[in-house]
Amino acid sequence: MRRFFVGCDAISGDLVTISGRDARHIVKALRLKLGDAIVVVDGVGRRYVARITATRETTVEARIESMCDSGVSEPHVPITLVQGLPKADKMDGIIQKCTEIGIARIIPVMSERSVLRPDGASAERRMARWRRIAEEAAKQSGREAIPLVADIGTLKSAIEMLRHEGALMVFPWELEQEYSLHQALSELNPSSFPSVGFFIGPEGGFSHAEVEYARAHGATTVTLGQRILRTETAGPVVAAIILYHMGELG
Ligand code: SAH
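(A) The arrangement of the pairing of strand β5 (residues 47–55) in detail. Sheet topology places strand β4 (residues 37–41) next to β5; five bridges connect them, and they run antiparallel. Considered in β5, the bridge of Val41 is made with Arg47. Two strands pair when backbone bridges link them, and β5 and strand β6 (residues 59–67) are joined in this way by seven bridges, in the antiparallel orientation. Bridge pairing in β6 places Val49 opposite Ser66. In this structure, the hairpin formed by β5 and β6 is closed by a connection of three residues.

And the structure:
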């Protein structure tokens, strides 16, 4: 059965309204008819079987008949990547790979050494593209939830949000000499936290002030070993290591 992702606000009672590109796709390309069944996945990964009750030019309405088993392909503890904005279009690849790997949320942050500093319309365009990439990668990889791509924010607000959730915060830092990600995951038991967040700097890394701020607010700095990974490599690698450690990958 065809699957369609919708926001939680698209469901009201047992009625779901699909709009935009998906609605056009249902009507024009798939030519689904009244009474055809589809699977609808909401923003938090719940899946429903629904039957089409109305098709219009720009919206499709369906009535929910049952709820499917929830999220077998979704990690039990949500993982968040806080990514210092990298140059050019590197964020596109980071979002695509991290979505396939299983991340729940990406928070792009304008950090001190971010070269790219989009604002206004340019930031809006980028965020819309990133969200499309996350949606496409989620569908392609058979996920049951689309990772949330937050608005571009600041390191401070991302830390604040994760702290508020009671997240385990790991902060890979190329100048950390002692404590490794491997040790941190073994000692801190990430599966016992409500969520796990990790932070990756832009090309130039995070500044000392940013590292100190994160440490002072509950983040643990870790080394990824002897080699320096590029910013676009570090996010997917750390996501894979954390999910592997938690038994959610591999
Ligand atoms: N410009 C810095 C490297 C930045 S790499 C330098 O050349 O020293 C970009 C980001 O990847 C870093 O901010 C960090 O989050 C992560 N990273 C890459 N390699 C790492 C390593 N060996 N240990 C910890 N973090 C690393």
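That shown, we press on.
(B) Structural view of the site of the ligand. Neighbouring the ligand are 20 residues, the closest being Pro172, Glu203, Leu224, Arg227 and Leu229. In the environment of the ligand, an oxygen atom lies 3.1 Å from a nitrogen or oxygen atom belonging to the backbone of Gly201. Gly225 is positioned with one of its backbone polar atoms (N or O) 3.3 Å from a nitrogen atom of the ligand. In isolation the ligand has 550 Å² of accessible area, and contact with the protein removes 84% of it. Taking a 2 Å distance to the grid points as the criterion, the majority of the atoms of the ligand fall inside the second largest pocket. At the level of secondary structure, the elements contributing two or more residues to the shell around the ligand comprise β11 (196–200) and α7 (231–245). Here the residues of the shell around the ligand sort into 11 nonpolar, six polar and three charged.

(C) Up close: the pairing of strand β7 (residues 79–84). Among the six residues of β7, six are classified as buried, and the element is accordingly described as predominantly covered. Sheet topology note: the β7/β11 ladder contains five bridges and is parallel. The partner of Leu81 across the bridge, within β11, is Phe198. In terms of strand pairing, β7 meets strand β8 (residues 105–109) through five bridges, oriented parallel. Bridge pairing in β8 links Gln83 to Pro108.

(D) Spotlight on the layout of surface pockets. When its volume is computed, the largest pocket comes out at roughly 1000 Å³. Forming the walls of the largest pocket are 42 residues, and the residues nearest its centre are Phe5, Gly43, Ala145, Ile146 and Pro147. Elements with a contribution of two residues or more to the lining of the largest pocket: β1 (3–5), α1 (20–29), β7, α3 (120–140) and β9 (148–149). Here the lining of the largest pocket takes six residues from α3, the largest share from any one element. Per-class residue counts for the lining of the largest pocket are 15 nonpolar, 12 polar and 15 charged. Each of domain 1 (3–68) and domain 2 (79–245) gives at least three residues to the lining of the largest pocket. Taken as a whole, the second largest pocket spans an internal volume of roughly 350 Å³. For the second largest pocket, the lining is made up of 20 residues, of which Glu174, Ile228, Leu229, Arg230 and Ala234 are closest to its centre.

(E) Region of interest: the environment of Phe206. As for its placement among the helices and strands, Phe206 is situated in the loop between β11 and α6 (208–216). Those residues within four positions of Phe206 in sequence are excluded, and the remaining contacts are Ser111, Arg113, Leu155, Phe171, Phe199, Ile200, Gly201 and Val211.

(F) Molecular detail of the sheet that holds β4. The sheet built from six strands is open, its strands ordered β1-β4-β5-β6-β3-β2 with mixed pairing. Each edge of the open sheet is held by one strand with a lone partner, namely β1 and β2 (11–12). Bridge count between β1 and β4: three bridges; the pairing is parallel. Residue pairing for β4: Phe4 is matched across the bridge by Val40. Contacting β1, β3 (15–19), β5 and β6, α1 crosses the sheet at an angle of about 95 degrees to β3.

(G) How the structure looks around the sheet that holds β9. Pairing within the open sheet is parallel, and its six strands lie in the order β9-β8-β7-β11-β10-β12. In the strand order of this sheet, the two ends are held by β9 and β12 (220–222), each with one partner. Against the sheet, helix α4 (residues 155–165) makes contact with β7, β8, β10 (168–172) and β11, and its axis sits at roughly 150 degrees relative to β8, the strand it touches most.

So, how was this worked out
- Residues numbered from 1 in each chain as written.
- Predicted model: local features only at pLDDT ≥ 70, side-chain atom pairs only at ≥ 80, totals over all residues.
- Heavy atoms only, no water.
- Pairing = 2+ DSSP bridges.
- Helix = DSSP H or I, 4+ residues; strand = E, 2+ residues; numbered from the N terminus.
- Near = heavy atom within 4 Å.
- Polar contact = N/O pair within 3.5 Å; in protein donor to acceptor, adjacent residues only side chain to side chain.
- Areas by Shrake-Rupley, 256 points an atom, 1.4 Å probe, with all protein chains shown as cover.
- 1 Å grid on protein atoms, 1.4 Å probe; cavity = no way out; pocket = protein on both sides within 12 Å on 5 of 7 lines; lining within 4 Å.
- Sits in = over half its atoms within 2 Å of the grid points.
- Nonpolar A, V, L, I, M, F, W, Y, C, P; charged D, E, K, R; others polar.
- Buried < 20%, exposed > 50% of the residue type's maximum accessible area, 1.4 Å probe, protein only.
- Points joined across faces, edges and corners; volume = space filled by probe spheres on them.
- Domains from an automatic or database assignment.
- Contact = heavy atoms within 4.5 Å.
- Axes fitted to C-alpha atoms, helices over the stretch in contact; angles between N-to-C directions.

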